[in-house]
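# Reading the structure
Listed below are the residues making up each chain.
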Number of protein chains: 2
Amino acid sequence: MINIAILGYGNLGRGVECAIKNTSDMKLCYVFTRRAPETVKIMTESAKVCHIDDLINKKDEIDVLIICGGSATDLPVQTPEYVKYFNVIDSFDTHAKIPDHFENVNKNALMSGKIGIISVGWDPGMFSLNRLYANAVLPNGQDYTFWGKGVSQGHSDAIRRIDGVIDARQYTVPVESALNAVRSGENPTLTTRQKHTRICFVVADDNADKVLIEKQIKEMPNYFADYDTTVNFITMEEMKREHSALPHGGTVIRSGKTGWENENTHIIEYSLKLDSNPEFTSNVLVAYARAAYRLNKQGESGCKTVFDIPPVLLSEKTPEELRMNLL
Amino acid sequence: MINIAILGYGNLGRGVECAIKNTSDMKLCYVFTRRAPETVKIMTESAKVCHIDDLINKKDEIDVLIICGGSATDLPVQTPEYVKYFNVIDSFDTHAKIPDHFENVNKNALMSGKIGIISVGWDPGMFSLNRLYANAVLPNGQDYTFWGKGVSQGHSDAIRRIDGVIDARQYTVPVESALNAVRSGENPTLTTRQKHTRICFVVADDNADKVLIEKQIKEMPNYFADYDTTVNFITMEEMKREHSALPHGGTVIRSGKTGWENENTHIIEYSLKLDSNPEFTSNVLVAYARAAYRLNKQGESGCKTVFDIPPVLLSEKTPEELRMNLL
């Protein structure tokens, strides 16, 4: 059995707990939290909740630590720190800062002899893998990534920070005609506005100026200004009834040419439709935790990404079973 | 530069030649053939055509040999034989015999210190990879593979063996309603007949009994008896004009559940739309030839499949570039 600990018990941590229940080679031993442990209720009866201050003391009981914090402030500190003691997995998703994060984790992982697999999930993660495979197979081509339909938590949070907003949910929606143009092999050049629209559901304070809120959303730089955005004001009851789930998904497409004169077109498409964004991400984290454990047993150390991991290490099944049943 | 040789110059060998033209780290040195070399015209001016009997003499000039023969009789003999002298890649696609082929290649590769990557292409190959990733991420779920719309060469050949048939082309077509049921997460149980239909275009001899030919096709065991099959008789002119390409493709879907009570459904879908089945397969072979070269340089040997290869080894780009641009 591979002994797993979770650091951080939010949506992602709970998803990891559920994912481990669906394996037969892993056991959840500990959940570590910054909160008072007695206030945190988990679902796994055999696991213990401990304070984060006790984490390093338990290092001999833990094979892999799955770090379930946020990319903004938690992971840049926690992953380089805890890879000094544990094999670790994180879902660091600030694409532009991945090279720095990689270096920070790699340096400490090489010193400790542990494995740290960073940026695991679906984007970065499964989408990245599909971009890499498709680029390697069709070097002469073009990449497209579409997100949604799904809830963007960053955009929902940005709306909630506006004065007079009580709650908000933002859906990112790919533009169907753009998707179809890409699928047809036309290799269109698409602006930000042509690829996605944004649909917002907002609960406003009774006294709030809704016209002003809508204007502030639609003109918000980076988040909304470059998109066609629709704003719908709803009641708190409707928000809870219709918008409490966290679905997401998206599509990665590569369109490429082969042949002596580039006469043939090929389309590779990978898509995800997810009822629960955090639970799917958690399942990917758990598969890579298995790989981290096995790689470290083989004597490897350092920072890795999904690009470095042989797929065979992700599965509970033996290499022989995989060749027989899935190849 | 990685020096590549091709063994066998049919559709697949020509596709490999085209794929190498689209790389900047590989060079085609030799094409080996069973035919008289002077009768084989290739497109790469800098490469030489030689007889297969000269292959082993050239072993010091070749980094990877891409074996482009057929799975029925060529590859079971050639791959285990030539891995004694070369790093080799093949596209062995008789799924049921992969475990035996693996053992035969592995034994000789371990003795010679070379790498042999077998069953490379799209199914087995990219489809297998997607089945493995999706199974590892969603262990609680169900797999579906649909093929087509595309030309099945095995089924076309089977029709051509019928008395009175001059030429034939068979298209495998997935049943749209079955695909949609799978995409909806219903996890349907589908019979062979419910998943695919078969559409045949046949050029018959003027004196042939078309009613009998149609009956023989539709009742042919293994190939057609379990499917809804349509037979269209056409002229040789129409065959040449409308059915000379070799398009193919298909879809791999895994539908799986997550959550403490399996309350959430996720759909992972990977699909290919290929203008040229052999050229796409060739491009996959060439990417894995790069990986074979790199793995062998790292001191590894033995038989491998796509399951064993870290994705990073497939790309011309450096690991740093890949993390920066595709992760």
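Residues numbered from 1 in each chain as written. Chains lettered and ligands numbered in written order. Predicted model: local features only at pLDDT ≥ 70, side-chain atom pairs only at ≥ 80, totals over all residues. Heavy atoms only, no water.

This next bit is on the relation of the copies chain B and chain A. With an RMSD of 0.0 Å, the operation that places chain B on chain A is a rotation of 180° combined with a shift of 0.0 Å along the axis. What the rotation and shift describe, once combined, is the action of a two-fold rotation axis. A shared binding surface is used by both copies, with 100% of the interface residues of chain B retained as interface residues in chain A. (Least-squares fit on C-alpha atoms with pLDDT ≥ 70 in both. Contact = heavy atoms within 4.5 Å.)

On to the nonpolar core, then. Ranked by size, the top nonpolar core spans 157 residues in total, and within it Ile89(A), Phe280(A), Tyr288(A), Ile89(B), Phe280(B) and Tyr288(B) carry the most contacts. Looking at this core element by element, the count peaks at eleven residues for helix 10 (residues 277-297) of chain A. With near-sequence residues (within four places) excluded, Tyr288(B) lies in contact with Tyr133(A), Ile89(B), Ile117(B), Val120(B), Leu129(B), Val306(B), Ile309(B) and Leu314(B). (Core = buried A, V, L, I, M, F, W, Y, C linked by side-chain atoms within 4.5 Å. Buried < 20%, exposed > 50% of the residue type's maximum accessible area, 1.4 Å probe, protein only. Helix = DSSP H or I, 4+ residues; strand = E, 2+ residues; numbered from the N terminus.)

Applying the stated criterion to the full structure yields two cavities of 30 Å³ or more. Taken together, Met126(A), Leu129(A), Asn130(A), Tyr133(A), Met126(B), Leu129(B), Asn130(B) and Tyr133(B) make up the lining of the largest cavity. Breaking the lining of the largest cavity down by element, the ones donating at least two residues are helix 4 (126-137) of chain A together with helix 4 (126-137) of chain B. Tallied by class, residues from the lining of the largest cavity come to six nonpolar, two polar and no charged. Counted as a void, the second largest cavity has a volume near 50 Å³. Looking at the second largest cavity, the residues that line it are Ala136(A), Val137(A), Pro139(A), Ala19(B), Thr23(B), Asn283(B), Val286(B), Ala287(B) and Arg290(B). Among the secondary structure elements, those contributing two or more residues to the lining of the second largest cavity are helix 4 of chain A together with helix 10 (277-297) of chain B. (1 Å grid on protein atoms, 1.4 Å probe; cavity = no way out; pocket = protein on both sides within 12 Å on 5 of 7 lines; lining within 4 Å. Points joined across faces, edges and corners; volume = space filled by probe spheres on them. Nonpolar A, V, L, I, M, F, W, Y, C, P; charged D, E, K, R; others polar.)

With that settled, consider the sheet that holds strand 2 (residues 26-33) of chain A. Residue and element names in this part refer to chain A. Here we have seven strands laid out as an open sheet, ordered 3-2-1-4-5-6-14, and parallel in their pairing. Each edge of the open sheet carries a strand with a single partner, namely strand 3 (48-51) and strand 14 (302-304). Between one strand and the next, the sheet's axes are offset by a mean angle of 25°, whatever the strand orientation. For strand 4 (residues 64-67) and strand 5 (residues 87-89), the ladder comprises three bridges, and the chain directions are parallel. When the bridges of strand 5 are listed, Val64 appears paired with Asn87. Packing of helix 2 (residues 75-82) onto the sheet brings it into contact with strand 1 (2-7), strand 4 and strand 5, and relative to strand 4 it is tilted by some 175°. (Pairing = 2+ DSSP bridges. Axes fitted to C-alpha atoms, helices over the stretch in contact; angles between N-to-C directions.)

Moving on to the pattern of salt bridges. All told, the structure shown has 36 salt bridges over all chains when counted by the stated rule. For Arg290(A), the salt bridge identified is with Asp25(A), shortest N-O distance 2.7 Å. With Arg290(A) in helix 10 and Asp25(A) in the loop between helix 1 (11-21) and strand 2, the pair connects residues that are 265 residues apart, well separated along the chain. Since its relative accessible area comes to 3%, Arg290(A) is described here as buried. A salt bridge links Asp228(B) to Arg193(B), with the shortest nitrogen-to-oxygen separation between them at 2.8 Å. Taken together, the residues Asp228(B) in strand 11 (residues 228-233) and Arg193(B) in helix 7 (residues 192-195) connect sequence positions 35 residues apart. With a relative accessible area of 38%, Arg193(B) lands in the partly exposed category. (Salt bridge = Lys/Arg side-chain N within 4 Å of Asp/Glu carboxyl O.)

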